[in-house]
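Below are the chains, spelled out letter by letter.
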Amino acid sequence: MSVIKLKGLVLNEIKKNEADKVLTLFTLEEGKTFVYCKGARKLKSRYFSGSSQFDYSDFVLYSGRDFYSATQIDKITAFPAISSDYEKFCYGNLFLELVDKTTFQGESNSEILKLLLASLKALEQSITDDFCICQGFLFKYLQICGYEPVVEICADCSSELDKNELYYGKSGVLCPLCAVKNPIAAKVNNAALYTINYILNSEIKAVFSYKLDTLSKEYLKQASDISLSNFDVILNCKKNLDEISI
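The sections below set out a description of the structure shown in this document. (Residues numbered from 1 in each chain as written. Predicted model: local features only at pLDDT ≥ 70, side-chain atom pairs only at ≥ 80, totals over all residues. Heavy atoms only, no water.)

### Describing the sheet that holds strand 7 (residues 172-174)
With antiparallel pairing, three strands are arranged side by side in an open sheet as 7-6-8. Edge positions in the sheet fall to strand 7 and strand 8 (186-188), since each has one partner strand and no second. The sheet shows a mean angle of 50° between the axes of neighbouring strands, direction not considered. Sheet topology note: the strand 6 (residues 166-169)/strand 7 ladder contains three bridges and is antiparallel. (Pairing = 2+ DSSP bridges. Helix = DSSP H or I, 4+ residues; strand = E, 2+ residues; numbered from the N terminus. Axes fitted to C-alpha atoms, helices over the stretch in contact; angles between N-to-C directions.)

### What to know about helix 4 (residues 130-144)
The end-to-end C-alpha distance of helix 4, which contains 15 residues, comes to 21 Å, matching closely the 21 Å that a straight helix rising 1.5 Å per residue would cover. Helix 4 sits mainly inside the fold: 13 of its 15 residues count as buried. A side-chain oxygen of the first residue of helix 4 lies 3.2 Å from the backbone nitrogen of Phe131; this N-cap is Asp129. Gly146 occupies a position one or two residues after helix 4 and carries a positive phi of about 95°. (Expected span 1.5 Å × (residues − 1). Buried < 20%, exposed > 50% of the residue type's maximum accessible area, 1.4 Å probe, protein only. Polar contact = N/O pair within 3.5 Å; in protein donor to acceptor, adjacent residues only side chain to side chain.)

### As for the pattern of salt bridges
Opposite charge on two side chains makes pairing possible when the charged atoms of those side chains draw close. All chains considered together, the criterion is met by ten salt bridges. Glu13 serves as the salt-bridge partner of Lys21, at 2.8 Å between the closest nitrogen and oxygen. Given the relative accessible area of 5%, Lys21 is considered buried. For Glu13, a relative accessible area of 30% translates into the label partly exposed. A salt bridge links Asp129 to Lys217; the nearest nitrogen and oxygen atoms lie 3.3 Å apart. Of this pair, Asp129 sits in the loop between helix 3 (110-125) and helix 4 while Lys217 sits in helix 7 (residues 214-228), placing them 88 residues apart in sequence. (Salt bridge = Lys/Arg side-chain N within 4 Å of Asp/Glu carboxyl O.)

Okay, structure coming up:
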């Protein structure tokens, strides 16, 4: 048995027995990790604070044969405004669920954790509207995971683009001829493409610093929905988000 220390964000919590939890963490040191917290659902438990979804905490763990168990949890940061606001909760839950379902246990990636924390902080502080924060997160996450969309030439044939007739597919922007052959391609405008390009070329701390009109937001959402299909996962929180007006 060995003891280790990890810094991690709680992506998910599952109830076990009468008072226990199994946490899914995204940690700085080991990426996605699972931790058993005995008695963590009891209000008087020393594990109660810092073991809820959206908590970013220091964890002291001991490793058994197949899992970690918590021996100490110290909360570093929480995001109460997200938990108490339905719209912010829906967006924040999208961030956590997407990372949970598209990463593998034990594969560390400090950029993912950095993006998660920056995005949650942006939601918590309402630095811009929640939709723009969400899109900043999504396109930067796609880039980090190796699904960076092509936005300056046609993603399929590499031809120059007609800025008056633009489409978007799983790999990025498409010319009209390639869009016809792509069953999920959808129209997109210059403002949405400019925004995607801005996000891809910005540092994480700056990906939320843009504004869009309502029509361009609709095009941008359409584009991110298409890009997310690269992951081939079902996001349970997506239905709630689709009901939120932009």
